[in-house]
Amino acid sequence: MTDLAAKYGLPALHELFPGLVCQPDPDDVHFVAGDDLRLVGNVFFTSGGTEGRPILECNYGLKIIVSRAFPNALPRIYSTDGQIQKGYHTFPSSAELCLGAPLELREILLQDPTLPGYVTGALVPYLYRHRYTVERETEGPPGWEDLAHGTPGLLQYYNDKLGVSDYGACLVLLRQAGQRQQKKGRRVPCICGSGKMLYKCHYERMLNLRRSVGREAVWNAYLHLRKSKAPPSEP
């Protein structure tokens, strides 16, 4: 366990959230081959007070499963106390919490590739937004709402990152950003319809996304979005 503690930053995590403890259970249906660590317990924190966000006290029973491929693989997190129902940003097939768009979570993890970094950077904001939604009966707080679930939320995130506004343009730019060779594709008209060459238009946004999460992650995001259906409002 000493090696695991160093790899995942468990001492720092326990200092922040002493209610989370390692609790191996090979019979856990969520624990599969390739998983390395199972944390169970309560995440308690108080957050808010800035940018107009109210101070809220949050206390959630959770289970966190970490693959030995971490930090290249995101932790999987489940509610254990029933506070977070399936209707609130969870994956329907598994009830795993959906903390955000994969590239968004990947960027958070790359900034601090430890469990404390991921929990404070991705999980705590998710839990705060849930508590706000429960207490105020509206998603929020304003300007800090969760993304829509499924394809609409992914599209919202990618469009904001790439500076476009429709499914087709987003798909093309993700594909170009995820390709191994970039130079050849620069001197083509930009898909946004501006009439400019790509390298004088959306190329910098593509590069920024690629640099922030890595080429392979962008390519995987493209493949995933391509398999999804365009939202009903899209042609």
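Structure's up top.
What you are looking at is a predicted structure, and each value in this text was computed from that prediction instead of being measured. (Residues numbered from 1 in each chain as written. Predicted model: local features only at pLDDT ≥ 70, side-chain atom pairs only at ≥ 80, totals over all residues. Heavy atoms only, no water.)

## What to know about the sheet that holds strand E2 (residues 35-47)
As a reminder of what qualifies: Pairs of strands are assigned from DSSP output, requiring at least two bridges between the strands. Counting from the N terminus, the helices are the DSSP runs of H or I reaching at least four residues and the strands are the DSSP runs of E reaching at least two. Simply put, an axis is a line fit to the C-alpha atoms, just over the touching stretch for a helix, and the angle between two N-to-C directions goes from 0 to 180 degrees.
Spatial ordering of the open sheet is given by E1-E2-E3-E4, a layout of 4 strands whose pairing is antiparallel. Of all strands in the sheet, those with a lone pairing partner are strand E1 (20-22) and strand E4 (76-79), marking the two edges. In this sheet, adjacent strand axes meet at a mean angle of 25 degrees when their direction is disregarded. Examined bridge by bridge, strand E3 (residues 56-67) and E4 share 4 bridges and lie antiparallel to one another. Within E4, the position partnered with Lys63 by the bridge is Tyr78.

## Points about the pattern of salt bridges
As a reminder of what qualifies: The term salt bridge refers to a pairing of a side-chain nitrogen on Lys or Arg with a carboxyl oxygen on Asp or Glu at a separation within 4 Å.
For the structure shown, the criterion picks out 2 salt bridges. One salt bridge in this structure joins Arg211 and Glu204, with 3.6 Å as the shortest N-O distance.

## With respect to the environment of His89
Which entries qualify depends on this criterion: Working rule for contacts: check all heavy atoms of both residues, and any pair within 4.5 Å makes them a contact.
With respect to the helices and strands, the residue His89 is situated in the loop between E4 and helix H3 (102-111). When the C-alpha atoms of His89 and Pro75 are compared, they prove to be 16 Å apart, with 14 residues separating the residues in sequence. Those residues in contact with His89, other than ones at most four positions away along the chain, are Leu97, Cys98, Tyr126, Glu139, Asp146, Leu147, Ala148 and His149.

Spatial relationships are all this shows, so hold off on functional conclusions.
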